[in-house]
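Here is how the chains run, residue by residue.
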Amino acid sequence: MEKNNYLLVSPKVLPPVFEGVVRAKEFLANKTAPNASQAAKMAGISRSAFYKYRDYVFKESEGNSSYLSLNAVLTDKAGVFSSMTSALFKIGANIMTIHQGIPMNGTAAVSLTIRNDKSELTTDKLIEALKEVDGVLSVKAL
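Here the structure is a predicted model, which is why all the values come from computation and not from measurement. (Residues numbered from 1 in each chain as written. Predicted model: local features only at pLDDT ≥ 70, side-chain atom pairs only at ≥ 80, totals over all residues. Heavy atoms only, no water.)

A separate point is a nonpolar patch on the surface. Taken together, the side chains of Leu-7, Val-9, Val-13 and Leu-14 make up a nonpolar region of the molecular surface, amounting to roughly 400 Å² of accessible area. Examined against the element boundaries, Val-13 turns out to sit in the segment before helix H1 (16–29). (Patch = residues over 30% accessible without salt bridge, like charges linked within 9 Å, V, L, I, M, F, W, Y side chains within 5 Å. Areas by Shrake-Rupley, 256 points an atom, 1.4 Å probe, with all protein chains shown as cover. Salt bridge = Lys/Arg side-chain N within 4 Å of Asp/Glu carboxyl O. Helix = DSSP H or I, 4+ residues; strand = E, 2+ residues; numbered from the N terminus.)

Right under this line is the structure:
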């Protein structure tokens, strides 16, 4: 499998079509445009340019490594998982995926992927904050 290598480049040095592709993708994402043809037209680019570059041009935040995968072990009692997700909300993290195993021996394993771009906390501080939640036995970043 070929590894993708990316460059972070200022739009000032790129042809305007790349900014148009980003705008068209935003029009589609927020449902301002009903389809790719209309999104390209609204962005001032050709439909073919949109299709040619759509999988290769991203805003900085889209390529940002603000995603974090966590493994946690929780006490198997009511409200612990809810308390942990509330703590993530207060921190400013957005939960993207959750996988919770069946509780065994009084504990439950939980895997989470979060987006942490709104939080000022480092990964270590975020993990420490989650460990403070009553019933959270351990948290590790992957």
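It is worth spelling out the packing of aromatic side chains at this point. All told, the structure shown has two aromatic pairs when counted by the stated rule. When the ring of Phe-50 is compared with that of Tyr-51, the centres are 5.5 Å apart and the planes differ by 70°; the resulting orientation is edge-to-face. On the basis of relative accessibility, which here comes to 3%, the residue Phe-50 falls in the buried class. (Phe/Tyr/Trp six-rings, centres within 6.5 Å; stacked < 30°, edge-to-face > 60°. Buried < 20%, exposed > 50% of the residue type's maximum accessible area, 1.4 Å probe, protein only.)

To continue, consider helix H5 (residues 80–91). With 12 residues, H5 ought to run about 16 Å at 1.5 Å a step, and its terminal C-alpha atoms sit 17 Å apart, in line with that. Regarding H5, the residues found buried are Val-80, Met-84, Thr-85, Ala-87, Leu-88 and Ile-91. An end-on view of H5 places all buried positions within 150° of arc, on one side of the element. What points out from H5, more than 90 degrees from its buried face, is the exposed set Phe-89 and Lys-90. Each element contacted by the buried residues of H5 is listed here: strand S1 (67–75), strand S2 (94–100), strand S3 (107–115), helix H6 (123–131) and strand S4 (136–141). Backbone geometry just after H5 places Gly-92 at a positive phi near 105°. (Expected span 1.5 Å × (residues − 1). Arc of directions from axis to C-beta. Contact = heavy atoms within 4.5 Å.)

Before going further, it helps to spend a moment on the sheet that holds S2. Ordered by their spatial adjacency, four strands build an open sheet running S2-S3-S1-S4, and the pairing between neighbours is antiparallel. At either margin of the open sheet sits one strand with a lone partner, and together these are S2 and S4. Pairs of neighbouring strands in the sheet enclose a mean axial angle of 25°, with direction left out of account. Relative to S3, S2 runs antiparallel, the two being bridged by six bridges. When the bridges of S3 are listed, Asn-94 appears paired with Arg-115. (Pairing = 2+ DSSP bridges. Axes fitted to C-alpha atoms, helices over the stretch in contact; angles between N-to-C directions.)

Leu-70, Met-84, Ile-114, Leu-126 and Leu-130 are the most contacted members of the largest nonpolar core, which totals 19 residues. For this core, the secondary structure elements donating two or more residues are S1, H5, S3, H6 and S4. Among the elements that make up this core, the one with the highest residue count is H5 (five residues). Excluding anything up to four places from it in sequence, Ile-114 contacts Ser-66, Tyr-67, Leu-68, Leu-70, Leu-88, Ala-93, Asn-94, Ile-95, Met-96 and Leu-126. By size, the runner-up hydrophobic cluster in this structure holds 13 residues, among which are Val-22, Ala-24, Ala-40 and Ile-45. (Core = buried A, V, L, I, M, F, W, Y, C linked by side-chain atoms within 4.5 Å.)

With that settled, consider the packing of H5 against H6. As a packed pair, H5 and H6 sit with axes 10 Å apart at the nearest point and diverge in direction by 140°. Classified by the interaxial angle, the pair formed by H5 and H6 is oblique. For the pair H5 and H6, the sense of crossing is right-handed. Across the interface between the two elements, Met-84, Ala-87, Leu-88 and Ile-91 of H5 pack against Leu-126, Ala-129 and Leu-130 of H6. For the contact of H5 with H6, the per-class residue count stands at seven nonpolar, no polar and no charged. (Parallel < 35°, antiparallel > 145°, perpendicular 65-115°, else oblique. Left-handed = near helix turned anticlockwise from the far one by under 90°. Nonpolar A, V, L, I, M, F, W, Y, C, P; charged D, E, K, R; others polar.)

Because side chains alternate across S1, one face comprises the buried residues Leu-68, Leu-70, Ala-72 and Leu-74, and the other comprises Tyr-67, Ser-69, Asn-71, Val-73 and Thr-75, none of which is buried. Sheet analysis places S1 next to S4, joined by five bridges and oriented antiparallel. Bridge pairing in S4 places Ala-72 opposite Val-139.

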